[in-house]
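# Analysis of the macromolecular model
The lines below spell out each chain.
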Amino acid sequence: MLIMNQAAEVFDKIVTARRAVRKYKEDASFDSDAVARSLARAVLAPNSSNLQTWEFYRIKTAATKAEVARLCMNQGAARTAHELVVVVCRGDKWRENSQRVLEHMHKSFSDPLTKRDRRAIEYYKRNIPLLYMNDPFGFMTLVRTLIVQFKSWQGPMVRWSGSANSRIITHKSAALAAQTFMLSMQAEGYATCPMEGFDEKRLKRLLKLPRKAEINMVIATGPAEEGGVYSDRYRFPIEEVVKEV
Ligand SMILES: Cc1cc2nc3c(=O)[nH]c(=O)nc-3n(C[C@H](O)[C@H](O)[C@H](O)COP(=O)(O)O)c2cc1C
C-alpha cells in the first residue's frame, strides 16, 4: 500500500472530495471570508510570464447574483450559489502588466545586474511585445509567422504566431487560478461548480468589461446541498490517458 506523507494525504482528500456541485443549501451559513482567502491563494497559481492577466469578480448581492444566474442560463448551481466568482482574462492588459513586472525587476535586482537579470529584462522588453502585440490587419501575425518559420529551420521553436495563441495563454493561466480557487474552497469546507454555460456578451456588459476582455468561467460556490452532485464520478481508466514514453 502506498504510504503518503501528511500533506499529500490532506491534498488527496481535498482533490477527491471536490465535485461539481449543482445545488447549494440556501439556509446554511456561509463564511464569505473563505472566498477572500481562496482568491488570495488563487493568484498564487502559476501564470504565463507572470503577467497575471486575470481578474476575479465576486458577485455577492442578491440582485446581481440573480442577474448573473440568469446569464448563466439559470443553471441550478448559479441560482442557489451563495457567491459567484467570474474569472476574467485580461489579455488586453499585457502591456501595462509587463511594465509593472519590469519595474518590479528593476527595484528588486541588485547592482550590478547578473547575466540572468539582464536576460529577464530583455525578455519583458523585447519578447513580450513581440509575442503579445496584435493589430487589426494581422501584420504582427505575419511578422511572427516569418520569424517562427525562419527560426524553426535552425532548431526547436515555440510555434506561436496568431492572436489566438495569446488568447489561449491567458485562458490557461486563468484556469489554473480557477482550479486553485476551487480546491481552496473545498479545503475551506465548501463546494464549487465551474461553469462555461453563460452569455459572455451580456455578462461582460454587466461587469462593464472592455471588448477585449474574455470570461474564462463562472464559479458557483456555497455549502453543498444533498443531491447536489448529479452522478457518480466517472473517469476513463488512468492507463488510457497516462502514457509513458
Ligand atoms: C471549463 C468547464 C466548464 C464547465 N461548465 C459547466 C457548466 O456550465 N455547468 C455545469 O453544471 N457544469 C460545468 N462543468 C463541470 C463539469 O461538468 C464537471 O467538472 C465534470 O462533469 C466532471 O465532474 P466532477 O467535477 O464532479 O468530477 C464545467 C467544468 C469545466 C472544467
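An account of the accompanying structure is given in this report. (Residues numbered from 1 in each chain as written. Predicted model: local features only at pLDDT ≥ 70, side-chain atom pairs only at ≥ 80, totals over all residues. Heavy atoms only, no water.)

## Observations regarding the pattern of salt bridges
To keep things clear, this is the line we draw: Just to be clear on terms, a salt bridge is a Lys or Arg side-chain nitrogen sitting within 4 Å of an Asp or Glu carboxyl oxygen. Secondary structure elements follow DSSP: runs of H or I no shorter than four residues count as helices, runs of E no shorter than two count as strands, and numbering proceeds from the N terminus. Think of it in three bands: residues with accessible area under 20% of the maximum for their type are buried, residues over 50% are exposed, and the middle band is partly exposed, with areas taken using a 1.4 Å probe on protein chains only.
Inspection of the entire model under this criterion finds 11 salt bridges. The salt bridge involving Glu-55 is made with Arg-90; its shortest N-O contact spans 3.1 Å. Of the two residues, Glu-55 sits in strand β1 (residues 54–59) while Arg-90 sits in the loop between β2 (83–89) and α5 (94–108), which places them 35 residues apart along the sequence. In this structure, the salt-bridge partner of Glu-214 is Arg-167, at a minimum N-O distance of 2.6 Å. Here the residue Glu-214 occupies a position in strand β4 (residues 214–222), and Arg-167 occupies one in helix α8 (residues 163–187), the gap between them amounting to 47 residues. Overall, Glu-214 belongs to the buried group, its relative accessible area being 16%. Bridged by salt links that share partners, the residues Asp-31, Arg-37, Arg-41 and Glu-188 form one connected network.

## Some thoughts on the site of the ligand
Here is the rule we go by: By convention in this text, a residue qualifies as near a molecule or strand provided that one of its non-hydrogen atoms is within 4 Å of it. Within 3.5 Å is the distance limit for a polar contact, defined as a pair of N or O atoms, with the added protein rule that one can donate a hydrogen and the other accept it, and that residues adjacent in sequence qualify only through two side-chain atoms. To be clear on the numbers: accessible area is Shrake-Rupley with a 1.4 Å probe, and residue cover counts the displayed protein chains and nothing else. Nonpolar residues are Ala, Val, Leu, Ile, Met, Phe, Trp, Tyr, Cys and Pro. Charged residues are Asp, Glu, Lys and Arg, and all others, Gly as well, are polar.
Surveying the vicinity of the ligand reveals the residues Arg-18, Arg-19, Ala-20, Arg-22, Gln-75, Cys-193, Pro-194, Met-195, Glu-196, Gly-197, Arg-233 and Arg-235. Backbone polar atom of Pro-194 to a nitrogen atom of the ligand: 3.1 Å apart, as the coordinates give it. The fraction of the free accessible surface of the ligand (620 Å²) that becomes covered by protein chains is 67%. Broken down by class, the residue content of the shell around the ligand amounts to four nonpolar, two polar and six charged.

## Let's talk about the environment of Ala-34
Selection criterion: The contact definition used throughout considers only heavy atoms, calling two residues in contact when any of these lie within 4.5 Å.
As for its position among the elements, Ala-34 is in helix α2 (residues 33–42). The exposure class assigned to Ala-34 is buried, which follows from its relative accessible area of 0%. For the pair Ala-34 and Gly-189, spaced 155 residues apart in the sequence, the C-alpha separation amounts to 9.0 Å. For Ala-34, the residues in contact, after removing those within four places along its chain, are Met-185, Glu-188 and Tyr-190.

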